[in-house]
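Descriptive analysis of the structure
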Amino acid sequence: YRAKEQSNNYQLYTSNMNATFYRKMKLENGLRKAMEKDQLRIVYQPQMDIRTGQINGIEALLRWQHPEMGMVSPNEFIQIVEENGQIVEIGEWVLRKVCEQNKAWQSAGYPPLKCAINLSPRQFKNKNLIETVKQILKETELDPSYLCFEITENISIHQIESVLTVLHDFKEIGLELAIDDFGKGHSALSYLKKYPIDTLKIDKCFVQGIEMDRGNASIAKAVIDMAHGLGLRVIAEGVETEDQLAFLKDLHCDSIQGYWLSRPLPPEGIESFFGDELIPFLDR
Ligand code: C2E
Ligand code: MG
Ligand code: MG
Ligand code: MG
């Protein structure tokens, strides 16, 4: 009976594996042409200052508009383009697009809004990273203080010294720096003191159920207190409910981002957020 069960599992396993493998192959092949076929898009998710209710930033998130598969999330393809190196080219495209969009908003008379961009560890291996960033800022004439680069803590495991140099260069240009998905990776805390970062983003896995889960609540509290002790600003990611928001407010978290406020939106969707700067949630 054991043999039979095993062989069934095996069949199930191989067919799942084939489907996954086939999808991955399809993604890999499609990605090579995604840029030249103009299939990449950027959506923006607003962030809000909890104390004032003011929108105080946005995050740029990549999307792949696939002709058959629809909108593909970066969770499915970032790893692929990191492995094949394409992320360098894509990352450059994202940066240019974001700078152009931000500049266009300012030229249209909207109040300045800082935009966060995700950088992957692979981009730091590119020797030209700093030069490319400087070049794009120059071309697009964007004030660097309107940009924030998000890196994950994984980056600190390898390449410590070279990363540190690049981060200091970024600060010198006038860019803001944030640690993304804080608490999700495995790394020592010492880098928080060593890296010239401004902001810490608490990963959404600690925000989920924060009102009920004592463990997550303690972690969030400890992270917020520690970050403040280090002079860092804290953004909670993945805030989906008003209860979570209220809880984070009690913990003196600075800002939030998540479906409660808004899903990531195309540029036109963000424009309505410039109009009403104050979200009237504080009065409710
Ligand atoms: P991230 O930087 O941590 O971005 C936050 C992710 O959480 C986004 O997923 C966002 O859509 C999602 N999210 C926002 N609010 C909520 C919420 O209330 N609940 C839940 N469950 N999720 C929420 P997305 O857009 O699928 O991106 C996934 C990851 O892909 C990003 O995580 C980031 O690490 C990476 N990524 C996205 N765009 C880029 C990019 O341009 N370059 C690089 N290197 N990585 C990117
Ligand atoms: Mg991010
Ligand atoms: Mg994150
Ligand atoms: Mg992430």
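For the structure itself, consult the block above.
So, here's what we can say about the structure. Every value quoted in this text rests on a predicted model; they were computed, and no experiment measured them.

Ligand 1 sits among 24 residues. The nearest are R63, N118, D180, E240 and Y259. Take K204: an N or O atom from its side chain is 2.9 Å from an oxygen atom of ligand 1. Protein contacts shield 87% of the accessible area of ligand 1, which totals 810 Å² for the unbound molecule. Broken down by secondary-structure element, the contributors of at least two residues to the shell around ligand 1 are β2 (55–66), α2 (74–83), α3 (87–107) and β6 (176–182). No other element matches β2, which puts four residues into the shell around ligand 1. For the shell around ligand 1, the per-class residue count stands at nine nonpolar, seven polar and eight charged.

Protein coordination at the magnesium ion (ligand 3) comes from D180 (OD), D181 (OD), E237 (OE) and E237 (OE), with a distance range of 1.9 to 2.4 Å. Written as a sequence motif, the donor arrangement for the magnesium ion (ligand 3) is D-D-x55-E. Separation of the magnesium ion (ligand 3) from the magnesium ion (ligand 2) amounts to 4.2 Å, with D180 serving as a shared donor to the pair. In this pair, D180 is assigned in strand β6 and E237 in the loop between β8 (233–236) and α10 (242–250), connecting sequence segments 57 residues apart. Of the residues examined, E237 reaches a relative accessible area of 8% and is grouped as buried.

Below, the discussion takes up the packing of aromatic side chains. In the structure shown here, the tally under the stated rule is five aromatic pairs. Where F124 meets F170, the ring centres are 6.2 Å apart and the plane angle is 80°; that geometry is what we call edge-to-face. Taken together, the residues F124 in helix α4 (residues 121–124) and F170 in helix α6 (residues 160–173) connect sequence positions 46 residues apart. Judged by relative accessible area, which is 0%, F170 ranks as buried. Members of the aromatic cluster, each reached through a chain of ring pairs, are F124, F149 and F170. R263 extends its terminal NZ or CZ atom over the ring of Y259, reaching a point 3.8 Å from the ring centre.

Conventions adopted
- Residues numbered from 1 in each chain as written.
- Chains lettered and ligands numbered in written order.
- Predicted model: local features only at pLDDT ≥ 70, side-chain atom pairs only at ≥ 80, totals over all residues.
- Heavy atoms only, no water.
- Near = heavy atom within 4 Å.
- Polar contact = N/O pair within 3.5 Å; in protein donor to acceptor, adjacent residues only side chain to side chain.
- Areas by Shrake-Rupley, 256 points an atom, 1.4 Å probe, with all protein chains shown as cover.
- Helix = DSSP H or I, 4+ residues; strand = E, 2+ residues; numbered from the N terminus.
- Nonpolar A, V, L, I, M, F, W, Y, C, P; charged D, E, K, R; others polar.
- Donors = N, O, S within 2.8 Å, 3.2 Å for Na, K, Ca; no water.
- Buried < 20%, exposed > 50% of the residue type's maximum accessible area, 1.4 Å probe, protein only.
- Phe/Tyr/Trp six-rings, centres within 6.5 Å; stacked < 30°, edge-to-face > 60°.
- Lys NZ or Arg CZ within 6 Å of the ring centre and 35° of its normal.

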